[in-house]
Amino acid sequence: DGGITQSPKYLFRKEGQNVTLSCEQNLNHDAMYWYRQDPGQGLRLIYYSQIVNDFQKGDIAEGYSVSREKKESFPLTVTSAQKNPTAFYLCASSIGRDNYGYTFGSGTRLTVV
Amino acid sequence: AQSVTQLGSHVSVSEGALVLLRCNYSSSVPPYLFWYVQYPNQGLQLLLKYTTGATLVKGINGFEAEFKKSETSFHLTKPSAHMSDAAEYFCAVSDRGTGGFKTIFGAGTRLFVKA
């Protein structure tokens, strides 16, 4: 079955550490997105990519970085510059540049310890 | 600028009762509108969407929503709630601006279903 796989499901980060969240899709979707979810705040866009080797900052990109070397993969790195990284991170994809609806992964819960 | 307002962070209904989750939006151009459902510790799943055409949209699990341009609303309804409907629901609006589509999500409404 086609879908989006996020790993790991739970991740713990120490202060000053960079961590990378994986997102892989086999839907042949062109566009991929990273969202951050905090209780009571809905979803906020971190980064998005509409084609390979190109990506754009979203509303809360500071302290995060991404790459899009393959169509199927869009990893997110949470750097030590992100001061409040504890959150639920969701990866999504859509068919093309127009939004006819997203397919979401099952998320990664990141906790700072 | 786009915005999405979901009225009520929590809604509680009895099993078998009508479900009504409210969503109002603002958009300077004709929008695409969506409802997503999220179960605990899961990603979001698309329930239904409005892009063009018929304003009453039917989705999965017996849900439907009506796009009312004059009221800038896209409320989600289900005639009879089931225990399995207990989840968080997100309304989203997407419209085309410079640089392509931009999507904004509401803050979410958690639905409780009482036996």
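Procedures and definitions
- Residues numbered from 1 in each chain as written.
- Chains lettered and ligands numbered in written order.
- Predicted model: local features only at pLDDT ≥ 70, side-chain atom pairs only at ≥ 80, totals over all residues.
- Heavy atoms only, no water.
- Helix = DSSP H or I, 4+ residues; strand = E, 2+ residues; numbered from the N terminus.
- Buried < 20%, exposed > 50% of the residue type's maximum accessible area, 1.4 Å probe, protein only.
- Contact = heavy atoms within 4.5 Å.
- Areas by Shrake-Rupley, 256 points an atom, 1.4 Å probe, with all protein chains shown as cover.
- Lys, Arg positive; Asp, Glu negative; His and termini not counted.
- Charge placed at Lys NZ, Arg CZ, Asp CG, Glu CD.
- Buried area = accessible area lost by both parts, 1.4 Å probe.
- Salt bridge = Lys/Arg side-chain N within 4 Å of Asp/Glu carboxyl O.
- Polar contact = N/O pair within 3.5 Å; in protein donor to acceptor, adjacent residues only side chain to side chain.

J.: When you look at the overall build of chain B in this model, what are you seeing that I'm missing?
T.: Check the secondary structure of chain B and you find 0 helices and 11 strands. With respect to the three principal axes, the spread of C-alpha positions in chain B is 50 × 30 × 20 Å. Here chain B holds 115 residues, and 44% of them are scored as buried. The long-range fraction of contacts in chain B, counting pairs at least 24 apart against all pairs at least 6 apart in sequence, stands at 56%. As presented, chain B carries roughly 5500 Å² of accessible surface, and 54% of it is formed by carbon and sulfur atoms. Computed over 10 positive and 7 negative side-chain charges, the inter-centroid distance for chain B is 4 Å.

J.: Explain the interface of chain A and chain B here, please?
T.: Interface size is often expressed as the accessible area that is lost when the parts come together. Chain A puts 21 residues into the contact, and the matching count from chain B is 20 residues. Roughly 1700 Å² is buried in total at the junction of chain A and chain B, and carbon and sulfur atoms are behind 46% of that figure. For Asp59(A), the salt bridge is made with Lys102(B), and the minimal N-O distance between the two is 3.2 Å. Remark: the boundary between chain A and chain B carries 6 residue pairs in polar contact (both at pLDDT 80 or more).

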